[in-house]
Amino acid sequence: MKRITTILALCLFSIMGQTQILDVFQNKEYSTSSYVLSAEIKKDYSPSKLEIVHDKNKDKNEVWSKVEEQFFEKAKATVNDEVAFFQLNNKALKQQSQIEKWNRLQGNDTRYSTNPKFESIDIRLISVLNNCGIYSINYNFEVNSGGRYGKNMIPIKQFYLADFNRNTIIEIKDSPCSRQQEELRKLTLSKFKTLYLLKTQKIDLDNLERIENAKQNEKIGLEIESKLYFSEALVYPYLSGVIVEFPERSNSSELFNQESFRVYLKDDEVQELLKVYPEFKPTFSKELKAPTKTQLEQLNNDHNFDLSKFSHAPKEIQMLDILDFEKEVYAMKITSYQLYDTNRRFMGTKKIFLNKLQQVNSIEHSDEYGKIRREEIYKYNNKNLLESIRTTDRDKSLKLYHYKDDVLDYSEHYELDVESDYQGTNVDLEIDQEHIIYNNNYQYTLKLNLVGEFNTRAYTQLRYLEKNQFCTNSYCILADENQNIIGVRQERYGLMDILTNDKNQPVESYLDNDRYQNFFAYDEEGRIVSMNKFSNNTNSGSVEFSYQLDKKKALIIKEVRGSYSNETVIEHVYEFEFWEE
């Protein structure tokens, strides 16, 4: 952490980390840092030197600085205003009461508790939309949860919309009016109902049809309506849509063991919401521009953006294209052995089943005893688009894919861990969504969690197209006019030099000033036969491909992992079954 000793307006500050914030409407990326500030407060309910962690734009400009200064002054004024602070303290008391209530329900003794103690402030930049910032000012209170469970830090959050163009900030109310509540209920109830039914195991991850039916059938899960209090809902713009969230320790959060939970609204849903939230209109003043058909195809071609092909051997499923059988493959079985001295230890198998379109139908993972430990089952819709992936191991999981005009719109990943003991059954539900957002030649993949503390800075993957360049958050793959790869420009390690053959296959690649080197070799048919990796001029691994005349046992791969005196040699035997004509 770099310390700055300059004193500014009663504040000492230091810098503690940085992050990237995207404005997908403007296709802009902002670098922000968290500055640790110190403000003098002369109130007995506050530390005399109050710590304020403030997110600021690293690219200093007058427009942003004016808004940031307003937030700093707003936070200080709230603490100095005894009436405003009293309201915050009451909210902290209410949350402490919820903690104590929950502890009693869990059988945890609460021997004592004290009043919440105000500790610090965080000013967080959550998102930027059309040059408008969504901020939260978090007033952090320390509360004693009682017994052996120690202390909790409770943030009392106030959300704001900052219009950088107009140099204004407005508070986003944390209690929707009746008209807003009714619209929120209409737009979100079916989404929240699905979360609730899965959490309470009223529907199972194995029953895909019932999950989809629950979203549409108003008669299923009626009990949730009386347990959701939309007057508690937090509503704020985020990335290209709107988050509707019930905070932790609210009355509604009892549905999810006091955890917060949320849904994400976008597109037509946002337009409906704007009718009752007109204050959000500046954040959606400019619409996203759809990519052309060519741009869409290029953005969704994973091979264009695959950096691993220059430093790793081909993936298992890619071997099908390399082997190029005349018949359609029904199953590909990969048996793995560890080789040492003259011994050969069986490690397990992986069997991939394919349909006649050569799409994966299922994958079986078997251990060294031949027992199937995990199975992945793939399902496709009537347009042969992937609809779901379901796993059958101990922690059940399901991934659903949703399309708009035959283009992936978003996916949902459910993971359920059910544990039972003498005290009862504990259901741990994790639900993530990945939303795909397009704006002209840019594609964004937003990952957000629906249950638990919201990580507003979760990984957001970025892809964009420039002339003869395929770029992401961290690198650009460079090509010539004929689309032959000539190099990779990286954010952290500089240029990756790449030498390709006349088939545009990588032959040599050099990274980090030649510290890491990779060498590939091919046979006359263009099939990879070897790959060698070097680190600091020392061999750090190799892969050899041996092609067989027997099509049913067409490939053996020998992989050497590690370097120096610590080497592990693995042999992978590929066996194939084919569809009958």
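Below you will find a few notes about this structure. Computed from a predicted model, the values in this text were never measured in an experiment. (Residues numbered from 1 in each chain as written. Predicted model: local features only at pLDDT ≥ 70, side-chain atom pairs only at ≥ 80, totals over all residues. Heavy atoms only, no water.)

## Section: the pattern of salt bridges
- In the structure shown here, the tally under the stated rule is 29 salt bridges.
- Glu183 is the partner of Lys186 in a salt bridge, and the nearest nitrogen-oxygen pair spans 3.4 Å. With Lys186 and Glu183 both in helix α3 (residues 178-199) and three residues apart, the pair spans about one turn of that helix.
- What makes Lys186 exposed here is its relative accessible area of 56%.
- You can call Glu183 buried: its relative accessible area is 12%.
- Here Lys191 makes a salt bridge to Glu269, at a shortest N to O gap of 3.0 Å. One end of the pair, Lys191, is in helix α3; the other, Glu269, is in helix α5 (residues 268-274), and 78 residues separate them in sequence.
- Residue class for Lys191 comes out partly exposed when judged on its relative accessible area of 26%.
- What makes Glu269 partly exposed here is its relative accessible area of 22%. (Salt bridge = Lys/Arg side-chain N within 4 Å of Asp/Glu carboxyl O. Helix = DSSP H or I, 4+ residues; strand = E, 2+ residues; numbered from the N terminus. Buried < 20%, exposed > 50% of the residue type's maximum accessible area, 1.4 Å probe, protein only.)

## A short note on the side chain of Gln517
- By secondary structure assignment, the location of Gln517 is in strand β26 (residues 516-522).
- Sequence-distant contacts of Gln517, defined by excluding residues within four places in its chain, comprise Ser509, Tyr510, Asn532, Lys533, Phe534 and Asn537. (Contact = heavy atoms within 4.5 Å.)

## Topic: the pairing of strand β27 (residues 528-535)
- Direction of pairing for β26 relative to β27: antiparallel, over a ladder of seven bridges. Note that in β27 the partner of Phe519 across the bridge is Asn532.
- Here β26 hands over to β27 after five residues, with Gly526 in that stretch at a positive phi of 85°.
- Remark: two residues form the turn of the hairpin made by β27 and strand β28 (residues 538-547), two consecutive strands paired antiparallel; Asn536 in that turn has positive phi of roughly 55°. (Pairing = 2+ DSSP bridges.)

## Observations regarding the environment of Ser540
- Along the chain, Ser540 turns up in strand β28.
- Sequence-wise, Ser540 and Tyr516 are 24 residues apart; in three dimensions their C-alpha atoms are separated by 9.5 Å.

## A closer look at the layout of surface pockets
- Volume-wise, the second largest pocket comes out at about 990 Å³.
- Lining the second largest pocket are 33 residues, with Gln95, Pro155, Lys157, Leu234 and Pro247 positioned closest to its centre.
- Every element with two or more residues in the lining of the second largest pocket is listed here: α2 (82-105), β4 (117-129), β5 (132-144), β6 (151-163) and β8 (234-238). (1 Å grid on protein atoms, 1.4 Å probe; cavity = no way out; pocket = protein on both sides within 12 Å on 5 of 7 lines; lining within 4 Å. Points joined across faces, edges and corners; volume = space filled by probe spheres on them.)

## Observations concerning the packing of aromatic side chains
- All chains considered together, the criterion is met by 28 aromatic pairs.
- The interplanar angle of 85° and the centroid separation of 6.0 Å between the aromatic rings of Phe25 and Phe284 together place this pair among those described as edge-to-face. Here Phe25 is found in the loop between β1 (14-23) and β2 (28-40), whereas its partner Phe284 is found in the loop between α5 and α6 (293-299), with 259 residues between them in sequence. Take Phe25 and Phe284: they sit in the same class, and that class is buried.
- Considering the side-chain rings of Phe256 and Phe261, the 4.5 Å spacing of their centres and the 40° angle between planes classify their relative orientation as tilted. Neither residue differs from the other here; Phe256 and Phe261 are each classed as buried.
- In textbook terms, an aromatic cluster arises when at least three aromatic residues are bridged by ring pairs, as seen for Phe192, Phe230, Phe246, Phe256 and Phe261.
- When the ring centre of Tyr337 is taken as origin, the NZ or CZ atom of Arg344, which lies over that ring, is 3.7 Å away.
- Here Arg527 stacks its cationic end above the ring of Tyr547, 4.2 Å away from the centre of that ring. (Phe/Tyr/Trp six-rings, centres within 6.5 Å; stacked < 30°, edge-to-face > 60°. Lys NZ or Arg CZ within 6 Å of the ring centre and 35° of its normal.)

## A look at the sheet that holds strand β9 (residues 241-246)
- The sheet built from three strands is open, its strands ordered β8-β9-β10 with antiparallel pairing. The sheet terminates laterally at β8 and β10 (261-265), the two strands that pair on one side only. Each strand axis lies, on average, 25° off the axis of its neighbour in the sheet, ignoring direction.
- Bridging between β9 and β10 involves five bridges; their strand directions are antiparallel. (Axes fitted to C-alpha atoms, helices over the stretch in contact; angles between N-to-C directions.)

## Here's the deal with empty space enclosed by the protein
- Counted under the stated rule, the structure contains one cavity of 30 Å³ or more.
- Each pocket or cavity is described by its volume, and for the largest cavity that value is around 60 Å³.
- Lys157, Gln158, Phe159, Glu171, Ile172, Lys173, Asp174, Leu234, Val235 and Tyr236 are the residues that line the largest cavity.
- For the lining of the largest cavity, the secondary-structure elements that each account for two or more residues are β6, β7 (168-172) and β8.
- Residues belonging to the lining of the largest cavity are distributed by class as follows: five nonpolar, one polar and four charged. (Nonpolar A, V, L, I, M, F, W, Y, C, P; charged D, E, K, R; others polar.)

## Some points on helix α1 (residues 62-80)
- For α1, built from 19 residues, the straight-helix expectation of 27 Å at 1.5 Å per residue is met to within 8% by its first-to-last C-alpha distance of 27 Å.
- Listing the buried residues of α1 in full gives Trp64, Val67, Glu68, Phe71, Phe72, Ala75, Lys76, Thr78 and Val79.
- The backbone nitrogen of Val63 has a side-chain oxygen 3.2 Å away, supplied by the residue at the start of α1, namely Asn61. (Expected span 1.5 Å × (residues − 1). Polar contact = N/O pair within 3.5 Å; in protein donor to acceptor, adjacent residues only side chain to side chain.)

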